[in-house]
Amino acid sequence: MTTSAVQAPRGPVTRKDVARYAGVSTAVVSYVVNGGPKNVAPATEAKVRDAIRVLGYRPNAAARALKLGSSETIGVVVPDNTNPFFSQLAHAVEDAAAELGYGIVLTNSDGNMAKERKNIRNLAARQVDGVFLASCVFDPDLTDLEASEIPSVLLNNAGSPPGFNSVGVDLQAGARAAVEHLIGHGHTNIGLAIGTNTGNQLDGREVGWLATLRGAGLPDGPILHGEFTRPGGYEVGKRFLSMANRPTAIFASNDMQAIGILRALHEAGLNVPNDMALVSFDGSIDSEYSWPALTTMAQPVKAMAEAAVQALVGERRGDELQHRILPTELIVRQSCGCK
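Everything numeric in this text was worked out from a predicted model, so none of it was measured.

Trainee: It is not clear to me how the overall build of the protein chain should be interpreted in this structure. Could you clarify?
Mentor: The secondary structure content of the protein chain amounts to 13 helices and twelve strands. Counting every position in the protein chain, which comprises 339 residues, the buried fraction comes to 49%. The contacts in the protein chain between residues at least 6 apart in sequence include a share of 69% that link residues at least 24 apart.

Trainee: Whenever I open this one, the pattern of salt bridges confuses me. Can you help?
Mentor: A side chain of one charge can pair with a side chain of the opposite charge when the charged atoms of the two come close. Tallied over the entire structure, the rule returns ten salt bridges. In this structure, the salt-bridge partner of Asp286 is Arg230, at a minimum N-O distance of 3.0 Å. With Asp286 in helix 12 (residues 285–289) and Arg230 in helix 10 (residues 230–241), this pair connects stretches of sequence that are 56 residues apart. Between Glu267 and Arg263 there is a salt bridge; the shortest N-O distance is 2.8 Å. In this pair, Glu267 and Arg263 are both assigned in helix 11 (residues 255–267), four residues apart and thus about one turn of the helix distant. Looking at Arg263, the relative accessible area reads 49%, which means it is partly exposed.

Trainee: I would appreciate a short explanation of the pairing of strand 1 (residues 73–78) in the present structure.
Mentor: Looking along a regular strand, one sees side chains alternate from face to face of the sheet. Within strand 1, six of the six residues are buried, which leaves the element mostly enclosed by the surrounding structure. Going residue by residue along strand 1, you find Thr73, Gly75 and Val77 tucked away on one face and Ile74, Val76 and Val78 tucked away on the opposite face as well. At this point the chain moves from strand 1, through helix 5 (residues 84–98), to the parallel strand 2 (residues 103–108), and the crossover so formed is right-handed. Pairing of strand 1 with strand 3 (residues 130–133) involves four bridges; the strand directions are parallel. Along strand 3, the bridge assignment pairs Ile74 with Gly130.

Trainee: What should I look at first to understand the pairing of strand 4 (residues 152–155) in this one?
Mentor: By the alternation rule, side chains of strand 4 split into Ser152 and Leu154 and Val153 and Leu155, which are all buried. As defined by bridge partners, strand 3 adjoins strand 4 across three bridges and the pair is classed as parallel. Its bridge partner being in strand 4, Val131 is matched across the sheet by Ser152. As judged from the three bridges shared by strand 4 and strand 5 (residues 165–169), these two strands associate in the parallel manner. Bridging from a neighbouring strand, Val153 pairs with Asn165 of strand 5.

Trainee: Honestly, the packing of aromatic side chains in this entry has me stumped. Any pointers?
Mentor: Enumeration over the complete set of coordinates arrives at one aromatic pair. Over the aromatic face of Phe281 sits the side chain of Arg205, whose NZ or CZ is 5.4 Å from the ring centroid. Between Arg263 and the ring centre of Tyr234, over which it is positioned, the NZ or CZ distance is 4.5 Å.

Trainee: Looking at this model, I keep getting lost on the environment of Gly159. Mind explaining?
Mentor: With respect to the secondary-structure elements, Gly159 resides in the loop between strand 4 and strand 5. With eleven residues separating them in the primary sequence, Gly159 and Asp170 have C-alpha atoms 9.7 Å apart. Among residues more than four places away in sequence, those in contact with Gly159 are Ser166 and His323.

Calculation rules
One numbering rule holds for all chains: residues counted from 1, following each sequence as written. Only residues with pLDDT of at least 70 get local features here, since the model is predicted, and only at 80 or more are side-chain atom pairs given and counted; chain-wide, interface and lining totals rely on the full set of residues. As a convention, hydrogens and water are excluded, and side-chain values are obtained from all of the structure's heavy atoms. Working definition: helices are DSSP H or I runs of at least four residues, strands are E runs of at least two. Numbering for both runs from the N terminus. A 1.4 Å probe rolled over the protein chains alone gives each residue an accessible area, and that area as a share of the maximum for its type sets the label: buried under 20%, exposed over 50%, partly exposed in between. When checking whether two residues touch, look at their non-hydrogen atoms; a contact exists if any pair is within 4.5 Å. One speaks of a salt bridge when a side-chain nitrogen belonging to Lys or Arg is within 4 Å of a carboxyl oxygen belonging to Asp or Glu. The handedness of a crossover follows from its direction of travel: if, with the strands pointing away from the viewer, the path from the first strand over the helix to the second runs clockwise, the crossover is right-handed. Two strands make a pair as long as DSSP finds a minimum of two bridges between them. What counts as a ring pair is set by centres within 6.5 Å for rings of Phe, Tyr and Trp (its six-membered ring), and what kind of pair is set by the plane angle: stacked under 30 degrees, edge-to-face over 60, tilted for all other angles. When the NZ atom of lysine or the CZ atom of arginine is within 6 Å of a ring's centre and also within 35 degrees of its normal, the charge is said to sit over that ring.

Shown next as structure tokens:
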């Protein structure tokens, strides 16, 4: 049978139509569409793809989900994907999930617990195969996740919540390394810019900052709270500058705050790092392209994503609960006084 002898079907195109047009079995069409599990000869694959193009075939994801009992989709909830860190984290999760044949549905909570819970309920209604929750607080209300009975992983969470896998970094150790680096530059008055939406649990970065200062015999530096955003950092930076005994160095709890602080310092005519040094947290791509480039505690985004995906849908799913705490890495650039 030649393709020229077959007329395009009327109505929705099915896999059977593609097989008939290409002169192959429906199983071969399935192998081509799904990338396996069996290999298809290049010439045969070319015929199938040509039939798909000519007929305008589109796989029916809903029908496939019903057949498999799986949507092959994972929901992801982040506070704000305009934050470069969460954007990179979501991208890394998407890549790791795609390696196992899963797609993602990304939602934003906008740092709001009510919206976070609503997103979880909506994802559960879509019957996703699992949820990655990067909550806007350290101790989120997990009632909706528990009620949904959907496998879940708390992402960017260094705790050990009962009944859930979690993947995060050692915030206290990261803060300690950042503050020790500034002390090594001779700073004795080191301020902290920290977020406002940490919940009832104290931010590990604050704990690490304070413990390091006291361990070095230094006075507690000033601490200011602001949103985890560039405007939040900008406002915090101006407030630091208005202090009578303003710090000579600042540890910012994320890169976006640090970039906002940089603007405030530049507008005031200060030289960074000579007049005020700055170290941040996250290691997002923006930190490398600020001016001066930020010294930052980088989170291992790729490793975090891969660990989370493995716990949810990979070979290690169903294992005992995993609470993975990964190390951060000090990336030294110019804002601290190095180089």
